[in-house]
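# Geometric and topological summary
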Amino acid sequence: MSLKAGIVGLPNVGKSTLFNAITKKNILSANYPFATIEPNVGIVVVPDKRLDFLNNMYEPKSLVPTTYEFIDIAGLVQGASNGEGLGNKFLSHIREVDAIVEVVRCFDNPEITHVSGSTDPIRDIEIINVELVLSDLDVIENRLEKIEKKAQATKDKDALLEVSLLKKLEESLKRNIPVRNLTLNEDEQRIIKNYSLITAKPIIYAANVDEDTIAVGDNDYTLKVKEYAEGENSGVIVMCAKMEEDLSSFADDEKTAYLNEIGVTNSGLDKLIYATYDLLGLATFFTSGKDEVRAWTFKKGMKAPECAGIIHTDFEKGFIKAEVTSFEDLEKYGSELKVKEAGRLRLEGKDYLMQDGDICYFRFNV
């Protein structure tokens, strides 16, 4: 299952530094606008202690964690929706992602240029969000222009429904309300998928602070970002991108020791990865054995046959049953045999909703 999270923000807020930390890649991270021209793509491994447990239990030949893509997208400037800076290229790339991580500068440093001349995270957020709204509004108005008269003339039910939805979206966007904050029914959600609207994508703010702030947790800037995000029902992760980039080269024990030394319990990077994974509505099931232990990503709400299809399409076509053990039960009882003896091994059918942490063996016949 290929899923993408796009890292966006104004130039010089720490996007590429964060991307370096996430993917341990050494891309250009320069102190001037548009250091990132083409989107850089990196695969993120989702840390999961359950996978470590399964690896120790089965000692497989192969261990495969679950992953998703992070994309570092060129910095956006005011007027991007009208083609300013690298606006059109930025907007085309961001339409291709499933979720948005918006990096917001929450520290002062006279040696790092700010395109607006000063640190003001709310101003920066609103510059980007207004450009995204204007871009979506352009898509909506162009579509309306194409179909409204025809829909009224033909009285086609589907076309009239689309026109009604487009006008609803247009009104909201003109009031600066992103599409993700609207309540849409199933038919409306199906229709808007065709538009690839940027403001329909879930968003999380990465409040980028300096190393002095990270041990404290918050400063005046991050508190403002949290208040803003709460107002639009979005999440915030406070992190120091520069520190995370430095930590990415540490061994795990060195990293833990350093975090403990400065009084930080969890890496901001790990928090961001988990939060983005959750933001995308993802969960993990496992397949395990001596040959391979593997984590598989699935969308919450998927049924057993659909999840079987993630492994191979034949598994979904010929699905019969799924043998399911919860990770909690395997950890509690210590072996597959003891789970079975305790009556905790389950046979689930086509209507079973997969749960995070399920360990599965799929029965199928093609």
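Our subject is the structure listed above.
### Points about the packing of aromatic side chains
- Under the defined criterion, the tally for this structure stands at 10 aromatic pairs.
- Summarising the aromatic geometry, the rings of phenylalanine 285 and phenylalanine 298 are spaced 5.9 Å apart at their centres and angled 50° between planes, so their arrangement reads as tilted. Taken together, the residues span a long stretch of sequence, with phenylalanine 285 in strand 8 (residues 282-287) and phenylalanine 298 in strand 9 (residues 292-299) at a distance of 13 residues.
- Judged by its relative accessible area of 0%, phenylalanine 285 is buried.
- Site record: aromatic cluster; members linked through ring pairs are Phe285, Trp296, Phe298, Phe319 and Phe362.
- The ring of phenylalanine 107 is capped by arginine 105, whose NZ or CZ atom sits 4.8 Å from the centre of that ring.
- Above the face of the tryptophan 296 ring, arginine 294 is positioned so that its terminal group lies 4.1 Å from the ring centre.

### So, the environment of glycine 349
- For glycine 349, the location among the structural elements is in the loop between strand 11 (346-348) and strand 12 (358-364).
- Residues glycine 349 and alanine 322, 27 residues apart in the sequence, show an inter-C-alpha distance of 6.5 Å.
- Beyond its immediate stretch of four places on either side in the chain, glycine 349 contacts Ala304, Phe319 and Lys321.

### Side note on the pairing of strand 4 (residues 67-72)
- Buried residues dominate strand 4, accounting for 5 of its 6 residues.
- As paired elements, strand 1 (residues 4-8) and strand 4 share 4 bridges and run parallel to each other. Residue pairing in the sheet places lysine 4 in a bridge with glutamate 69 of strand 4.
- Bridge analysis of strand 2 (residues 40-45) against strand 4 gives 6 bridges, and the strand direction is antiparallel. The residue of strand 4 that forms the bridge with glycine 42 is phenylalanine 70.

### Digging into the pairing of strand 8
- Buried residues dominate strand 8, accounting for 6 of its 6 residues.
- Side-chain alternation along strand 8 places Leu282, Thr284 and Phe286 on one buried face and Ala283, Phe285 and Thr287 on a second face that is also buried.
- Of the strand pairs in this sheet, strand 8 and strand 9 are connected by 6 bridges, and their pairing is antiparallel. Across the sheet, residue phenylalanine 285 finds its bridge partner in strand 9, namely tryptophan 296.
- Adjacent in sequence and paired antiparallel, strand 8 and strand 9 are bridged by 4 residues.

Thresholds applied
- Residues numbered from 1 in each chain as written.
- Predicted model: local features only at pLDDT ≥ 70, side-chain atom pairs only at ≥ 80, totals over all residues.
- Heavy atoms only, no water.
- Phe/Tyr/Trp six-rings, centres within 6.5 Å; stacked < 30°, edge-to-face > 60°.
- Helix = DSSP H or I, 4+ residues; strand = E, 2+ residues; numbered from the N terminus.
- Buried < 20%, exposed > 50% of the residue type's maximum accessible area, 1.4 Å probe, protein only.
- Lys NZ or Arg CZ within 6 Å of the ring centre and 35° of its normal.
- Contact = heavy atoms within 4.5 Å.
- Pairing = 2+ DSSP bridges.

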